[in-house]
Structures are given as C-alpha cells and as structure tokens.
Amino acid sequence: MLPRMPPAAPSTRAPALAEVLVALEQAYGKPAPPRLTDPFDLILLENASYLVDDERRVAVFDALSARIGTTPEAILTAKPGVLAAAIEGGGMRPPMRAEKLREAAELAHDMDLDRLRAAMRESPEQARKQIKKFPGMGEPGADKLLLFYRCAPSLAPDSNVLRVLVRLGFVHEESSYDKTYRAAKQAVAPELPEGYDAIITARELLRRHGQTVCMRTAPACGACPLAKRCVFFAASGGIIRTSPAASPDGPISPGGCAPRRARPP
Ligand code: SF4
C-alpha cells in the first residue's frame, strides 16, 4: 500500500515525462542496461530472493547459476536442500524460496520455454496469461517481462516508480495498489519515449529516484531535482528548507542520498 498523499493543489499539474527524465538523467547519469532480459531468468531472479536489494538479488541469481544452473531441468534435478543452500543469501526462508523455484521450473518444463518466448513475441497478450501463472508474476511482473524481452512496450512501474509517479502528479492514488498501477501505466503511456531501450532507461531512472531520494517514508525533497515540478512538494506549500548543497533543482550525487530532514506532512 502506498502511503497516503496530501491532495494536490488544483493549480499544480504533473510535469511532462520527458522533462522529468532529462532531470533524472542529469542527476544520476544514464543507467546501464539490465543484465538479465530472458523471461525465465527474470522469473528466477524474482523468486530466488525476498526483500533484499538489487545487488543481492543479482548475486543470488549468480550463485544459483554457478551451483545449480538456471534451466528448468537443472532446478528440477537439484535436491531441495542443495537448492535452498544455493540461494541462502537471498533473505528469509530459503526452503520456501527454493520451493518457488521448483514450482517455476515445473511450470516452465510443462509449458516449454521456447514456446513461451515465441508466444511473447507473436501474441504478447496471450503470453501474459501464461506468465501470470508463475509464482510472483502478477500484472506488474508480466509487464516487466514483456518490456525487457522487447515484446510489449509499457513503463511496467514497480512500487518505487509508482510512488514517484503518484507524487509527481501523473496519477492519483486509487483505492488499491492494482488500480493505481493500471491508472499510472495508462497515464504515462502516451508520453513514453520511443523504443524499448529508452523505455527501460526511463523505468530505471524513475526507479532509482524512488529508491534513493523519493523514498516511501521520508522523501528527501530538499535534495530532489524534481521538487519544483512535484505536486506532492507543491501540496506541502514548498516550505521545505534547502541549502546550497541540497537545492531542489540543484545537482545531487549519483548515490542520490539526500538529507532526510525534509519531510512533507
Ligand atoms: S519533491 Fe519530494 S515527493 Fe516530489 S519527487 Fe522529489 S522527493 Fe519525491
């Protein structure tokens, strides 16, 4: 559940997405392209870890790849204890996560991954139904797979991206996460940049902003390069104090970590 936002000031509108992306790229630089783009790799990446950061997720995927393999067959032939040990670094309850990997592998084996990949290219909406059968793959997961495999363009916002979009005013928070997700996806669709690479870059920039500055419980508006374009900031009266080192429109470090003293009501 996203934190409740104060109502937007009527005269404040969301900025253009392109303008937001330029400001974010100036602040963070251009993100590297994602290392993993294959649908089954992404399903394993999602299920092998729980509540850990991106770096750890990739490390756990690499450990799985080195010790077991990342094909459905390799996962199905691994002993449960060995599988759980391979992904131990991925957070809580390794046996439960190992079971999810087995479930995903069984499904992939039955489904035939080559057929799934072909379906994603030829009939993304049909493939979406198949993808959603995998553990951890709801609508956002299916959108991400279809985006990263370059089959259906959408921003596929994760919770960090969604929070930024709500606060900037692209969409109002709805009564459920799913509704807000769908509304946000629809709201930014006409403004998406051209081409899969550019959309993936846009998603990564917004995600990074949500992870490092526009955080869930304490957004660092005082150091945010988007503050002057932000509905949430405007609704706070724009009274958050800034210093020369942390100006709303000034540069922030690539790490993006800003003073947390600035917290809108
Ligand atoms: S001004 Fe604050 S709420 Fe708005 S995008 Fe920046 S960090 Fe997020």
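In what follows, the accompanying structure is described. (Residues numbered from 1 in each chain as written. Predicted model: local features only at pLDDT ≥ 70, side-chain atom pairs only at ≥ 80, totals over all residues.)

### Notes on the overall build of the protein chain
Part 1 of the argument: From N to C terminus, the protein chain includes 13 helices and zero strands.
Part 2 of the argument: Element order for the protein chain, N to C, with α for helix and β for strand: α-α-α-α-α-α-α-α-α-α-α-α-α.
Part 3 of the argument: Across the 265 residues in the protein chain, those meeting the buried criterion constitute 40%. (Helix = DSSP H or I, 4+ residues; strand = E, 2+ residues; numbered from the N terminus. Buried ≥ 20, exposed ≤ 12 C-beta atoms within 10 Å, placed from the backbone.)

### Remarks on the packing of helix 2 (residues 39-48) against helix 6 (residues 94-111)
Part 1 of the argument: Two numbers describe how helix 2 lies on helix 6: the axes approach to 9 Å, and their chain directions differ by 160°. With respect to helix 6, the element helix 2 is oriented roughly antiparallel. Between helix 2 and helix 6 lies a crossing of right-handed hand. Between helix 2 and helix 6, the residues in contact are F40, I43, L44, N47 and A48 and R97, K100, L101, A104 and A108, respectively. (Axes fitted to C-alpha atoms, helices over the stretch in contact; angles between N-to-C directions. Parallel < 35°, antiparallel > 145°, perpendicular 65-115°, else oblique. Left-handed = near helix turned anticlockwise from the far one by under 90°. Contact = placed C-beta atoms within 7 Å.)

### A few points about the nonpolar core
Generally speaking, nonpolar side chains in soluble globular proteins are found buried as a group.
Part 1 of the argument: Core analysis: the biggest nonpolar cluster contains 68 residues, and L44, L165 and L168 have the highest contact counts within it.
Part 2 of the argument: Viewed by domain, this core spans two of them, domain 1 (17-31 + 157-246) and domain 2 (39-148), each represented by three or more residues.
Part 3 of the argument: What L165 contacts, discounting residues up to four positions off in sequence, is P157, F170, V171, A184 and V188. (Core = buried A, V, L, I, M, F, W, Y, C linked by C-beta atoms within 7 Å. Domains from an automatic or database assignment.)

### A short note on the site of the ligand
Part 1 of the argument: Around the ligand, 14 residues are found, and the nearest of them are C214, P219, C221, C224 and C230.
Part 2 of the argument: Of all the elements in the fold, those that place two or more residues in the shell around the ligand are helix 10 (159-168) and helix 13 (231-235).
Part 3 of the argument: The element that contributes the greatest number of residues to the shell around the ligand is helix 10, accounting for three residues.
Part 4 of the argument: Taken together, the residues that form the shell around the ligand break down as 13 nonpolar, no polar and one charged. (Near = placed C-beta within 6 Å. Nonpolar A, V, L, I, M, F, W, Y, C, P; charged D, E, K, R; others polar.)

### Quick look at the environment of E25
Part 1 of the argument: Its location among the elements puts E25 in helix 1 (residues 17-28).
Part 2 of the argument: Spatially, the C-alpha atom of E25 lies 6.8 Å from that of L205, the residues being 180 residues apart in sequence.
Part 3 of the argument: In contact with E25, not counting residues within four places along its chain, are K30 and L205.

### Side note on the packing of helix 1 against helix 12 (residues 196-212)
Part 1 of the argument: Packing of helix 1 against helix 12 leaves a shortest axis separation of 10 Å and a crossing angle of 65°. Classified by the angle between their axes, helix 1 and helix 12 sit roughly perpendicular to one another. Taken as a pair, helix 1 and helix 12 cross one another with a handedness that is left-handed. Where helix 1 abuts helix 12, its residues L21, L24, E25 and Y28 lie against A202, L205, L206, R208 and H209.

### Some thoughts on helix 8 (residues 124-131)
Part 1 of the argument: Burial in helix 8 covers these residues: A127, R128 and I131. Along the axis of helix 8, the buried positions cluster into a sector of 115°, meaning they face one direction only. Opposite the buried face of helix 8, by more than 90 degrees, sit the exposed residues E125, Q126 and K129.
Part 2 of the argument: On its buried side, helix 8 packs onto helix 7 (113-122) and helix 9 (139-148). (Arc of directions from axis to C-beta.)

### Looking at the environment of L116
Part 1 of the argument: As for its placement among the helices and strands, L116 is situated in helix 7.
Part 2 of the argument: In the structure, L116 is positioned 14 residues away from Q130 in sequence and 7.6 Å away in space, judged by C-alpha atoms.
Part 3 of the argument: Excluding residues that lie within four positions of it along the chain, L116 makes contacts with P39, M111, A127 and Q130.

### Considering unusual backbone geometry
Part 1 of the argument: In the Ramachandran plot, R93 falls in the positive-phi region, its phi being about 50° despite a non-glycine side chain.
Part 2 of the argument: Looking at the element boundaries, R93 is found in the loop between helix 5 (80-86) and helix 6.
Part 3 of the argument: Despite not being glycine, A156 has its phi angle at roughly 45°, a positive value.
Part 4 of the argument: Here A156 shows up in the loop between helix 9 and helix 10.

### Regarding the environment of T70
Part 1 of the argument: Tracing the chain through its elements places T70 in the loop between helix 3 (54-67) and helix 4 (72-77).
Part 2 of the argument: Since 21 C-beta atoms lie within 10 Å of it, T70 is described here as buried.
Part 3 of the argument: In this structure the C-alpha to C-alpha distance between T70 and D41, which are 29 residues apart in sequence, comes to 7.1 Å.
Part 4 of the argument: Contacts of T70, omitting those with residues within four sequence positions, involve D41, L44, L64 and S65.

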